[in-house]
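# Survey of secondary and tertiary structure
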Amino acid sequence: MEPITALTSSCVVLPAENVDTDQIIPARFLKTIERRGLGAHLFADWRVDAHGQPRPEFPLNSPDARDASILVAGHNFGCGSSREHAPWALLDFGFRVVISTGFADIFRNNALKTGLLPVALSTPAHSMLLEQLAESPRAQVTIDLQTQTATLPDGTAHAFVVDPFARHCLLNGVDELGFLLEQDAAIAAYESTHTSRVCTS
Amino acid sequence: MTSPRTLFEKIWADHLVRPETEGTPAVLYADLHLVHEVTSPQAFAELRRRGAPVRRPDLTLATMDHSTPTTPRSAGRLHVLDAQASAQLEQLEINCEEFGIRLFGLDDSRQGIVHVIGPEQGLTQPGMTIVCGDSHTSTHGAFGALAFGIGTSEVGYVLATQTLLQRQPRNMEVRIDGVLPRGVTAKDIILAIIAKVGIGGATGHVLEYTGSAIRSLGMEERMTICNMSIEAGARAGLVAPDDTTFEYIAGRPFAPAGADWDAAVVRWRGLSPDETASYDRSVQLDAASLAPMITFGTNPSMAIPIDGRVPDPSDAESRAERADLDKALRYMALEPGQSLLGRAVDVVFVGSCTNSRISDLRQAAAVMRGRHVAAGVRMLVVPGSQNVKREAEAEGLDRVFLEAGAEWREAGCSMCIAMNGDQLEPGQSAVSTSNRNFEGRQGKGGRTFLASPLTAAATAVSGAIADVRSLS
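Keep in mind that this is a model prediction, so the values were computed, not measured.

Per the secondary structure count, chain A includes eight helices and eight strands. Projected onto its principal axes, the C-alpha positions of chain A cover 60 × 45 × 25 Å. Within chain A, buried positions represent 45% of all 201 residues. A sequence separation of at least 24 residues applies to 67% of the contacts in chain A between residues at least 6 apart.

If you want it as C-alpha cells, here you go:
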C-alpha cells in the first residue's frame, strides 16, 4: 500500500448522493482476478453512452480530471455491494482521496485498507467546498492526514476524523495483516478456550 | 454482575480475541468464513505473496455462485459466459486445492448461492460470527449469528488469521408487532423498513429484529429480512433464535448431533436480548398496516405500497433528495404521482439470496398454477441451490413453472448481479425478487422493480405490474 501523508490537488466533483458501488464499478467487470486495470471501467455506465462513446458532460471525461487526485462526492458514497473493486478502480484511475459527508461502512473499510483516504467533512464545510469548486473548478484542495485537516480553496481549514489505527497504517503504508499476524499467541489462546462451532473439512 | 445486554452485545463479547482500545480496533474471531469466486482471488494471491497459509481451512467453505451460469445443463455441461468467468471459476478450484479448503463446485450436488447453502447445510448456527466477501452475508443473522460482509483485503486477513479488526458498531432495534395481512410477506416487511429508515439510515449499526410479527415468521422469511439489512446501510441484522430456529437446524449435515445437539440448544437458548437491554436507536412498524411493497426508483429505499403513487420530487425535504428522486424517475421512465399498477414489464425474475428458497418458489408457484406467463414477458425462476432445485422438482414446482411458460434454471445468483449471462437488455423493465434496483444492476440500461415472489408471479401472469391481492 502506498503511504499517504498529505496531498494538494484539483478535484473532480460528482455531487450525487447515495452513489452505489454498482455505479463505481459495474458487476460485469468483476470477473477479473487482478486488482489492477479497473480504472478504465470506473463509473463505466455513467462515462460511456449506449454506443460506447464518452459522455462529454460527465465530470470524469473532462481533460482536467486526469490530474485530479481528489473526488468530491455526495452523502453516503459507496453504498451497496462489498466489492473492493470499487476503491481499486478509484485508485487505478488516479484518485487518492474521496471527500463526502458520509460513507457506507464497507466501502470506507475497504478504502482505508487499500490506500484510498475517505474524508468525511461536516455538511457546512462540504457545501462550502462545492460552492468554491463551482466558482473555480481548477482550484486546489489540501488534505493533510497527519493533522486531519482539509484546507479548502479559500484557505479555511476543516477537521476530519480517521480511525487512529487506520491512520497509522495509511501514514506508514502498512496494512493490517501484519498486525493481525502478530496476534498469533492471543488468537491461539482464544482458540484453546473456545471450541470450534462447525467443521467444514 | 454484567449489565443487561442486547443479543448483538452478547455475541460480540464472546468473540473478542482482544478488546478495542482508543488506538486499536477489537480483534474479532470469525467462526465461519464463506468464500466465493468473485471476491477471493486477489486475497489468495496476497497469501501466496506472503507465504502465509490459511489458518483454519476447517472453518472455511467455498462455493461458486456469482459468475456461474444458470442455463440448463445440456449433456451435463454448464456453459460459462466467457473466458474470463471460466478463468475465475478455475482460479477458485486452484486456490481451494492449494490451501486445503472444501469447495462445493459446480459439479457438487450441494452447490448454490453462498447465503442459501450455509443455512441449508446447517453451517449457520446461533451465536456464531460469520463473514464472507459479500454484503448480503447479513442473511445468516436470521439464526442469531453475527454475520456481515467484508472486502477482499479482509477476506485475506480472515484466511490468514481467522480474525478481523473491527470497531464495535452501534445497535438498533427494529420492532415489528402485529399480524401480516393476506398477500404481504417478509419481503414487503423489509422493503417497508428500508423505506422508513432510508438507504443510509442504519449506517454504523447492527439491527436486531424483534416483535411478534418476527417471531411468527419461518426461518426462510427471517432470512429474507436479514438479507436486506445492508440496503439500509446496516452491517448486519439479527433475529434471536427460538424453537423455529432449532427445528430448522436439527438434522442438517453440519449441525451438531446427539449430546452435542442438546448442549448446543441449551447454549442457544441463552441468546436473546436481556429484558432491560437498551439500544442506541429504535424503530417500530405495525405489521397489520403493511401492503405488498414495490420499489419505483434506483435504490431499495425508494419503495411504495403497490397501490400507492410515485412520489413527487418537488415534495422532497432537501435539494439533494429532490435531485436524487428526479434522477431516479428519469432513469425509470416514471412520472410523479403515477401508479405502478398496469405498467408493462419485459422480464420477471424469481431468485437471488433474498428470495430463492423453497418457500419462495412455493409462493410463486401457487400463483402460477393453472395460469400462463403473459405474451411478451420472459420469466426466469432460479433456485438458490441445487438442493432447493431438487426439492422443488420433487414437489412438481418445476412443472408448474415450465407449463406456465417460465424458464427453470440451475442454481446461482443469475440476474441479480448480471455477470453470468442472465441480464436485462438496455431499456427493459423487470419485476425482480432480488435485493438491488441500482441503475444497471440487472444489466446496463435495465430498469428494476423489487418486489416479493407473490408480486413477481402476479406480474408475470398479468404482463404488467399487478397486485396479487386482486388476482381472481
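This part takes up the packing of helix 2 (residues 41-50) of chain B against helix 5 (residues 152-161) of chain B. All names here are of chain B. Relative to each other, helix 2 and helix 5 sit at 50 degrees, their axes nearing to 8 Å. Taken together, the axes of helix 2 and helix 5 lie oblique to each other. Relative to helix 5, helix 2 is oriented so that their crossing is right-handed. In this structure, helix 2 uses Gln42, Ala43, Glu46 and Leu47 to contact helix 5, whose residues at the interface are Thr152, Val155, Gly156, Leu159 and Ala160. Grouping the constituent residues of the contact of helix 2 with helix 5 by class yields five nonpolar, three polar and one charged.

Before going further, it helps to examine the sheet that holds strand 1 (residues 6-9) of chain A. Residues and elements named next belong to chain A. Pairing within the open sheet is antiparallel, and its four strands lie in the order 1-6-7-8. On the outer flanks of this sheet lie strand 1 and strand 8 (157-159), each paired with one strand and no other. This sheet shows a mean twist of 15 degrees between the axes of neighbouring strands, independent of strand direction. Sheet topology note: the strand 7 (residues 149-151)/strand 8 ladder contains three bridges and is antiparallel. Across the sheet, the residue bridging to Thr149 is Ala159, located in strand 8.

Moving on, we get to the environment of B:Gly151. The topology assignment puts B:Gly151 in the loop between strand 7 (146-149) and helix 5. In this structure, the C-alpha to C-alpha distance between B:Gly151 and B:Val179, residues 28 residues apart in sequence, is 38 Å.

Looking now at the confidence of the model for chain B. With 99% of its residues at a pLDDT of 70 or more, chain B shows a mean pLDDT of 97. With pTM at 0.98, the complex prediction returns an ipTM value of 0.97.

What counts as what
- Residues numbered from 1 in each chain as written.
- Chains lettered and ligands numbered in written order.
- Predicted model: local features only at pLDDT ≥ 70, side-chain atom pairs only at ≥ 80, totals over all residues.
- Helix = DSSP H or I, 4+ residues; strand = E, 2+ residues; numbered from the N terminus.
- Buried ≥ 20, exposed ≤ 12 C-beta atoms within 10 Å, placed from the backbone.
- Contact = placed C-beta atoms within 7 Å.
- Axes fitted to C-alpha atoms, helices over the stretch in contact; angles between N-to-C directions.
- Parallel < 35°, antiparallel > 145°, perpendicular 65-115°, else oblique.
- Left-handed = near helix turned anticlockwise from the far one by under 90°.
- Nonpolar A, V, L, I, M, F, W, Y, C, P; charged D, E, K, R; others polar.
- Pairing = 2+ DSSP bridges.
- pLDDT = per-residue confidence, 0-100.

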